[in-house]
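Chain residues, written in single-letter form:
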Amino acid sequence: MSYTMSILEQAVKRNPNEPEFHQAMTEILTTLQSYVDARPEYEKAGILERLVEPERVIIFRIPWVDDAGKMQVNKGYRVQFNSAIGPYKGGMRFHPSVSLSIIKFLGFEQIFKNSLTGLPIGGGKGGSDFDPKGKSDREIMAFCQSFMTELFRHIGVNTDVPAGDIGVGAREVGFMYGHYKRLVNRFEGVFTGKGLTYGGSLARKEATGYGLVYLMDEMIRQHGKSLAGQIVLVSGSGNVAIYAAEKVQQLGGKVVALSDSGGYVYDADGIDLAAVKEIKEVKRGRISEYKTYRPNAVYTGIGSPDDAGSGIWSLKCDVALPCATQNELSEEDAKVLVKNGCFAVGEGANMPSTLGATEVFLQNKVLFAPGKAANAGGVATSALEMSQNSMRTSWTFDEVDHKLRGIMVNIYNTVAAAAQEVGCEDNFVVGANIAGFKKVAEAMLWQGAI
Ligand code: NDP
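## A word on the overall build of the protein chain
Inference 1: Across its full length, the protein chain holds 17 helices and twelve strands.
Inference 2: The C-alpha radius of gyration of the protein chain comes to 21 Å, within 12% of the 22 Å expected for a compact globule of 450 residues.
Inference 3: C-alpha extents for the protein chain along the principal axes are approximately 60 × 60 × 45 Å.
Inference 4: A total of 450 residues make up the protein chain; the buried ones form 58% of that total.
Inference 5: A separation threshold of at least 6 residues defines the contact pool for the protein chain, and within that pool the share at least 24 residues apart is 72%.
Inference 6: Charged side chains of the protein chain number 47 positive and 50 negative; the gap between the two group centres comes to 5 Å.

What follows is the structure, given as structure tokens:
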């Protein structure tokens, strides 16, 4: 058995009951196999053994009191995975499904994604099984403050800089940042995704979605087509989905569907994003409410008799952008998309496609941009926020947006070149994994047994 595969087997055994982490390791190590095995210095230095083991895992209790006066307890996590090329960087996720396995898969992916941005940031991720849905603002604040009461001692501008993710937006970041500042008595850029009045960066909110579409636009153009005029499905209706849809529209594509965990809406005339923003960003409501704004739209609940089984992916499209959550797009869904003529898929979410779905896309020559390349615009702009905080300056929206676009085009070219170099032209999964790995592995080699 090769060095790479023996490390994968060992890591799966040593981390039982962590299926998402196993999935992420399998995808990455399988594609790195020939590259790593051709370089014995990596085995000698135990690069992979170290890479699959987080530098530090912090798990803690988060007690807080709800509006009924009852004590609630959630689990908190921060996985500081790899700091070879910079301070740990990665979002915080608040969702009832959060487990150590999910945070480890996200943290592992983040190492390679952050490396791909070309910026000096290491990989980390965190979160809690707390569910923000249906909670009052006071409950959210109580939870965030309790969370930060433990987390603050583990993070710092040069150590670990968290950001948002599922369930963590401007409101949650504000509460956590405010409490951090109070605890340490320092105003410093320890969190990204901050509000614009206290150190946030213009265009950070839009960055992941916009970045995804910039990369897709470049990929599609380099293959002789254009995003303009294409029919696009975007799953989810949160931060990434909304701004991906906005950029698609700006570049002339037609977004016909969005979703949430309850179901999906189809609007043949093109999604009205102003309505979606009001439902999701102002009212914190459900996508089913879209019909009250656009009566001609069709809403299909997941599991309802009208649901053909593949949810949003059963709709006909040219381009699909999964922007909700991990494993939301199965092998079956991928086959349906291919059958319906979808020619490009870009992952706005982290690991939204199962391993089987990815295989279907690659076999059918679908232009497939994996999350660690396609959604790296969020963390890249977070790094730009860190730069602005250190320089005590603020760039304009256009300045940040321009840098973001440059970074995404650069990522695409780097990934495409890495794929070509190993004889896997247009396999952007292989390209992203190798390109992301290279820099981290080299940095680890130079730094010795750390
Ligand atoms: P949000 O919380 O803003 O939105 C998440 C969206 O996905 C909601 O519409 C939500 O629906 C849906 N969703 C969440 N969980 C599930 C589920 N189990 N089944 C079906 N739908 C679900 O999160 P973001 O937009 O920030 O994040 C979306 C994805 O993008 C995640 O994978 C995240 O890791 C990734 N990402 C985010 C970045 C960022 O900058 N925010 C950066 C890079 C990647 P509902 O409201 O019903 O739960």
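## Considering the site of the ligand
Inference 1: The environment of the ligand is formed by 24 residues, the closest being D165, T208, S261, R286 and N350.
Inference 2: Residue S237 places a main-chain N or O atom 2.9 Å away from an oxygen atom belonging to the ligand.
Inference 3: Contacts to the ligand include N239, whose backbone N or O atom sits 2.9 Å from an oxygen atom.
Inference 4: Bound to the protein, the ligand loses 82% of the 890 Å² it would expose on its own.
Inference 5: Secondary structure elements with two or more residues in the shell around the ligand: α8 (204-221), α9 (239-250) and β7 (254-260).
Inference 6: Residue composition of the shell around the ligand, grouped by class: five nonpolar, 13 polar and six charged.
Inference 7: Three or more residues apiece are contributed to the shell around the ligand by two domains, here domain 1 (3-186) and domain 2 (206-365).

## Focus: the domain arrangement of the protein chain
Inference 1: By domain assignment, the protein chain separates into domain 1 (3-186) and domain 2 (206-365).
Inference 2: For domain 1 and domain 2, the distance between their C-alpha centres works out to 26 Å.
Inference 3: Taken together, the contact pairs 15 residues of domain 1 with twelve residues of domain 2.
Inference 4: Both sides of the domain 1 and domain 2 interface together cover about 1,100 Å² of buried area, and 50% of this is carbon and sulfur.
Inference 5: Of all residues in domain 1, Q23, F105 and R171 bury the most surface against domain 2, accounting for 41% of the area lost on that side.
Inference 6: Linking domain 1 to domain 2 there are zero salt bridges.
Inference 7: For the pair domain 1 and domain 2, the interface holds three residue pairs in polar contact (both at pLDDT 80 or more).
Inference 8: Only α2 (19-37) and α5 (100-116) provide two or more residues apiece to the side of domain 1 that touches domain 2.
Inference 9: Of the residues forming the side of domain 1 that touches domain 2, the biggest block, five residues, is contributed by α2.

## With respect to the sheet that holds strand β2 (residues 71-82)
Inference 1: Taken together, five strands build an open sheet; the order of strands is β1-β2-β4-β3-β5 and the sheet is mixed. The sheet is open, and its two borders are formed by β1 (56-65) and β5 (160-163), each paired with just one other strand. Each adjacent strand pair in this sheet contributes to an overall mean axis angle of 20°, direction not counted.
Inference 2: As defined by bridge partners, strand β3 (residues 88-94) adjoins β5 across four bridges and the pair is classed as parallel. Opposite G91, over in β5, you have A163 as the bridge partner.

Cut-offs and rules
- Residues numbered from 1 in each chain as written.
- Predicted model: local features only at pLDDT ≥ 70, side-chain atom pairs only at ≥ 80, totals over all residues.
- Heavy atoms only, no water.
- Helix = DSSP H or I, 4+ residues; strand = E, 2+ residues; numbered from the N terminus.
- Rg over C-alpha atoms; globule rule 2.2 N^0.38 Å.
- Buried < 20%, exposed > 50% of the residue type's maximum accessible area, 1.4 Å probe, protein only.
- Contact = heavy atoms within 4.5 Å.
- Lys, Arg positive; Asp, Glu negative; His and termini not counted.
- Charge placed at Lys NZ, Arg CZ, Asp CG, Glu CD.
- Near = heavy atom within 4 Å.
- Polar contact = N/O pair within 3.5 Å; in protein donor to acceptor, adjacent residues only side chain to side chain.
- Areas by Shrake-Rupley, 256 points an atom, 1.4 Å probe, with all protein chains shown as cover.
- Nonpolar A, V, L, I, M, F, W, Y, C, P; charged D, E, K, R; others polar.
- Domains from an automatic or database assignment.
- Buried area = accessible area lost by both parts, 1.4 Å probe.
- Salt bridge = Lys/Arg side-chain N within 4 Å of Asp/Glu carboxyl O.
- Pairing = 2+ DSSP bridges.
- Axes fitted to C-alpha atoms, helices over the stretch in contact; angles between N-to-C directions.

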